[in-house]
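Chain residues, written in single-letter form:
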Amino acid sequence: MNKFLGYIFSPIHYLFFGFFVCLFHPIQWVCYNWGGQEAHKKSVDLLNFFLVSTYYLLGSSLSFKNLYQLPEQRPIVFISNHQSLYDIPPLIWFLRKYHAKFISKIELTKGIPSVSFNLKYGGGANIDRKDSKQAVVEILKLAERMKANNWSTVIFPEGTRSKDGKLKPFAIGGVATILKKAPNALVVPIVIRNSWKLVQYGSFPLSFGEKMSWEVLEPLEPEGKSMEEIMNYAQESIKKAL
């Protein structure tokens, strides 16, 4: 039934999703060029609020849970599992007060309304996966911005999306590079549940009526711990929560 209803409601979702990304492209431009970084961020937050609202057109239910008082004046490295592209708008919206940035493929900085503009000017890292030197330099620049502005970063250390929701092994590289430059950052795991089900039939139809959740898990102070200990903690915390 969820697949059948997906045929009916997916076009409606895509219509509104596309409308908002097109609408906010010029809005972002105006905010960035006339209001600076802070105004641009507010426009991106508002865009992702509306993008998240389009999930409800698919009969989806969303929940965000955070039982921890996370610092707002300190860099944070959020380490999360990754199940679909639909993971990202809720993360931007729910984590907006922590100024969460992302590490993205450089190819995404062209041709996508709103998304490409935000990736270019939003302060994240846009990496060329075929050029490891460029990738490291970009991540180091992101870490410097985190340290200077008390920004945060969301990292998906699985390296690719899990199509069945099962957790893949974590890679150390990105987190290690950031913590080397911003050693005062707090490490916070996040578990995402069931967003993979939304795209279990592919991009069309999207699955109707899926229950998805984002949950902040217990933070970890990285001081005095090896990268292996940090990543093992994050991976086991997420695995247990799944």
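Our structure's up above, just so we're on the same page.
Residues numbered from 1 in each chain as written. Predicted model: local features only at pLDDT ≥ 70, side-chain atom pairs only at ≥ 80, totals over all residues. Heavy atoms only, no water.

(A) The arrangement of helix 7 (residues 227-241) in detail. Taking 1.5 Å of rise per residue, the 15 residues of helix 7 would be expected to cover 21 Å, and the 21 Å separating its terminal C-alpha atoms lies within 8% of that figure. Considered for burial, the residues of helix 7 that qualify are Met 227, Ile 230, Met 231, Ala 234, Ser 237 and Ile 238. When helix 7 is viewed along its axis, its buried side chains cluster within an angular range of 130° and face the same direction. Facing away from the buried side of helix 7 by over 90 degrees, the exposed positions are Glu 228, Lys 239 and Lys 240. The inward-facing, buried residues of helix 7 contact strand 2 (76-80), helix 5 (173-181) and strand 6 (186-193). (Helix = DSSP H or I, 4+ residues; strand = E, 2+ residues; numbered from the N terminus. Expected span 1.5 Å × (residues − 1). Buried < 20%, exposed > 50% of the residue type's maximum accessible area, 1.4 Å probe, protein only. Arc of directions from axis to C-beta. Contact = heavy atoms within 4.5 Å.)

(B) Summary view of the side chain of Lys 101. Tracing the backbone shows Lys 101 in strand 3 (residues 100-105). Despite being buried, Lys 101 has no salt bridge partner; Asp 45 is the closest side chain of opposite charge, sitting 7.5 Å away. When neighbours within four sequence positions are excluded, Lys 101 is seen to be in contact with Gly 122, Gly 123, Gly 124, Leu 142, Trp 151, Ser 152, Thr 153 and Val 154. (Lys, Arg positive; Asp, Glu negative; His and termini not counted. Salt bridge = Lys/Arg side-chain N within 4 Å of Asp/Glu carboxyl O.)

(C) Region of interest: the packing of aromatic side chains. On inspection of all chains with the given rule, the structure shows 16 aromatic pairs. Clustering of aromatic rings is evident, with ring pairs tying together Phe 19, Phe 20, Phe 24, Phe 49, Phe 50 and Trp 93. Stacked on the ring of Trp 93, the Lys or Arg Arg 96 has its end atom at 3.7 Å from the ring centre. Its guanidinium or amino end placed over the ring of Trp 151, Lys 101 lies 4.5 Å from that ring's centre, counting from NZ or CZ. (Phe/Tyr/Trp six-rings, centres within 6.5 Å; stacked < 30°, edge-to-face > 60°. Lys NZ or Arg CZ within 6 Å of the ring centre and 35° of its normal.)

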